[in-house]
Amino acid sequence: MKTAKKETKAPAKAPKAAAKPKVAFFDFACCEGCQLQITNFGELLLDVLGAVDVVEFREAISEKWDGDYDVVFIEGSIGDHHAEERLKKIRARAKVLIAYGSCATTGGVNGMKNGFELDEIRQSVYGKDYKLFDSTYTKRVDQVVKVDYYINGCPVYIPELVEVLKHALRGLPYTVPDNPVCAECKLNENVCMYERGVACLGPWTKAGCNSWCVNNGNICYGCRGEVKNPAKNAANDVISKYNLKPELITKKFEMYNKCKEGVK
Amino acid sequence: MANVKDLDIKVEYVTRVEGHGNIVANVKNGKIEKCEFHVVETPRLFEGMLRGRSIFEAQHITSRICGICSCGHSLASVKAAEDALGVTPTEQTVKLRKLLLDYEFLDSHILHVYLLAAPDVLGVPSFIPLIASHNKTVRQVLRLKKAVNDCCDILVGRHIHPITMIAGGWTKLPSKKEIDAQIKLLEGMAEDLGEVLKLAKTLTFPDFHRKTEYVALVSDDAEYPLLNGDIGSTEGKRVSYKDYKKSTNEYIDPRSSAKWTKWSGESVFVGALARFNLNADKLHPKAKALAKELGFKPVCDNPFLNTVAQVVEIVHCYHHALDILKDLKKNGLDYSEAITVGVNEKGAVPVRAGDGVGSVEVPRGILHHNYVTDKNGMIKTANCIIPTNQNVSNIEHDFAKLLPEILGEGKDKIRLKLEMLVRAYDPCISCSAHYLDVTFVE
């Protein structure tokens, strides 16, 4: 399946600076943790609420809106027919659409579903009655509609979220840095996970999270998606230097990046 | 006002893991024809996706079942993994996990009680109007939430999808400075917490009662059981966590893609009220004092008061967390326990074939994870039973009793009480805050 290009371009119709932009949040198949990151702003949340007009945010408020949206945040991946139609309808009403969090930008952990035969995995959970519940292969948001901005991460990294939001509200383009996580990890002076005896996806994964997981003693799981041009030779060097099976790395990558292969 | 004779109610809201849920109720000539609770989710099939993954990845993956309860899922997951592997966590590891669970309860309950449940009682559609009318309280609540969140950032790297807490132990342990920082953050909450508790004491809830079976962890020691214990019920039943299937008896109902559960009767209640009903005598003395002041006693069979049980648990977890931190400050930590595991490339944790269960109390009730692994630690089958699923049947039974009792109150009150009942269960932040589209045919 052909997928939309990932480069971010300035959207044609940016919201006017004078009026308070109407912002809405919608969630699809996901854990809703990325929406929750917003409530973790603390009192800063009140400042953000002062700058925009949040017209729909199901996780926190009951209010509804039936007009057009200046900016919509789409959280979650698309995993059934109803969701696909709902997303298209939202896109039609939205001037700017932001794919928000790994499930939206890469398919996230939901993509692992695509590693199985669909009927088999559905049956494994629901037994013989599995057809009662609609379920399709997982798609990223840009495999269904046009995306204007990407905020990667599982969960999203708040400083990056603020940065992208500022760009989106001003109608400016935002380009996700295309360095590997290692670039940030080195600056944070972490001991390389490979030196500590375990395989880490930092060398292949887009930076922008300030090497969040490695700073905390864990490996990078690749939640932000792959860099555009991974240094293949360097990667092969890493794999051979540490005597790793390439399948180990591939398998680790499939946790967040299975949708990359497109939908069967 | 005359009784509503004909009523056609369709309540739509979205749950977190269980997806979209609907309530459908029909009344004809004053007689209830239908009162059902449907969960129509996008099945995410986590249990299926876990197959073939390393047991050491299970925490990372299952944390993503729910952003709100990610610490709870992580705890159930690491316990199930260790149970399968035959690994016994160290005393320090257990202590830190209990601390994390206290933070999870504080964060979740504060959000639910004040930003989601309180607007109902104060007669507004969400906390947004409260920013103007109750600005001081909203600020206090947001500050409290932020402080707990900051504690989690220190302890596990972040609150949503914890990083450092894994099967086998901790990848990073809090430094002395970081223990002090958490104590300071918690102590800094005291004033705001006192203020918002005052507000909680003024909230009034509908008077509704229905006997049901309350299910929660129970134990023989003196601590309010949240992380460890057997599964007990107010029907006098008790089984080992290993036998969680006896207490859940999952079944599929075509109306819901969430699986349903039952034990002794037709429905069970899990959550703060169940814990309070089974373990009130083990609460922290400060929490006990608050319960007494509120006249709140076990066994309470008013589901609306689940919110009050949460308020009591806020006080319990706050003091319990402080006690753990002060103990850690006094006795220090053994930093040699920090581990690097990955997918166990270097065999940091011994692996065997196994069948492990982890049962943990999370804010919304008892949560079970169960993994069967092969000799290489690869997951063969997985099963996760989520609190909201366990409550689905109980919500439906409550509706069946509540609706006839309030038919005379007019549609606005019926609408509000139905919404409040659903929110009282705190099925998930997302669902409880979502609009309820209720239509009446009269």
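Shown above is the structure to which this text applies.
Residues numbered from 1 in each chain as written. Chains lettered and ligands numbered in written order. Predicted model: local features only at pLDDT ≥ 70, side-chain atom pairs only at ≥ 80, totals over all residues.

*Asks:* Lay out the overall build of chain A with the relevant residues and their values.
*Replies:* Check the secondary structure of chain A and you find 10 helices and five strands. Looking at chain A residue by residue over its 264 residues, the buried ones come to 50%. Once local pairs closer than 6 in sequence are excluded, the contacts in chain A between residues at least 24 apart make up 78%. (Helix = DSSP H or I, 4+ residues; strand = E, 2+ residues; numbered from the N terminus. Buried ≥ 20, exposed ≤ 12 C-beta atoms within 10 Å, placed from the backbone. Contact = placed C-beta atoms within 7 Å.)

*Asks:* Explain the interface of chain A and chain B to me, using residue names and the numbers behind them.
*Replies:* Counting from both sides, the interface comprises 52 residues of chain A and, opposite them, 52 residues of chain B. Counting only elements with at least two residues in the side of chain A that touches chain B, the list comes to helix H1 (33-39), helix H2 (44-51), helix H5 (118-126) and helix H8 (212-215) of chain A.

*Asks:* Could you give me a rundown of the sheet that holds strand E12 (residues 379-385) of chain B, with the residues and numbers involved?
*Replies:* Within a sheet, neighbouring strands are paired by backbone hydrogen bonds and run either parallel or antiparallel to one another. All names here are of chain B. Across the sheet, which stays open at both edges, the three strands sit in the order E10-E11-E12 with antiparallel pairing between neighbours. Strands at the two margins of the open sheet, each flanked by one partner only, are strand E10 (354-362) and E12. Going from strand to strand, the sheet's axes swing by 10 degrees on average, the running direction of each strand aside. Bridge analysis of E10 against strand E11 (residues 365-373) gives nine bridges, and the strand direction is antiparallel. From the neighbouring strand, glycine 356 faces E11, where its bridge partner is tyrosine 371. Contacts between helix H3 (residues 70-85) and the sheet are confined to E10 and E11, with E10 contributing the most and set at about 155 degrees to the helix. (Pairing = 2+ DSSP bridges. Axes fitted to C-alpha atoms, helices over the stretch in contact; angles between N-to-C directions.)

*Asks:* Which residues make up the sheet that holds strand E8 (residues 238-239) of chain B, and what values do they have?
*Replies:* Residues and elements named next belong to chain B. The strand order across the open sheet built from four strands is E8-E7-E6-E9, with neighbouring strands paired in mixed fashion. In this open sheet, the two strands that pair with only one neighbour each are E8 and strand E9 (268-269). By the bridge criterion, four bridges tie strand E6 (residues 213-218) to strand E7 (residues 230-233) in an arrangement that is antiparallel. When the sheet's bridge partners are listed, leucine 217 is paired in E7 with isoleucine 231.

*Asks:* Please provide a residue-by-residue account of the pairing of strand E1 (residues 22-27) of chain A, values included.
*Replies:* Residues and elements named next belong to chain A. Here E1 lies mainly inside the structure; six of its six residues are buried. Because side chains alternate across E1, one face comprises the buried residues Lys22, Ala24 and Phe26, and the other comprises Val23, Phe25 and Asp27, equally buried. Alignment of E1 against strand E3 (residues 69-75), held across five bridges, turns out to be parallel. From the neighbouring strand, phenylalanine 25 faces E3, where its bridge partner is phenylalanine 73.

*Asks:* Which residues make up unusual backbone geometry, and what values do they have?
*Replies:* The residue after cysteine 154 of chain A, namely proline 155 of chain A, is reached through a cis peptide bond having omega 0 degrees. The residue proline 155 of chain A is located in the loop between strand E5 (149-151) and helix H6 (158-170) in this model. Of note, the bond from proline 298 of chain B into valine 299 of chain B is cis; its omega dihedral lies within 30 degrees of zero at -10 degrees. Examined against the element boundaries, valine 299 of chain B turns out to sit in the loop between helix H11 (285-293) and helix H12 (306-331). Even without a glycine there, the phi angle at serine 211 of chain A is positive, about 45 degrees. Checked against the element boundaries, serine 211 of chain A lands in the loop between helix H7 (181-187) and H8.

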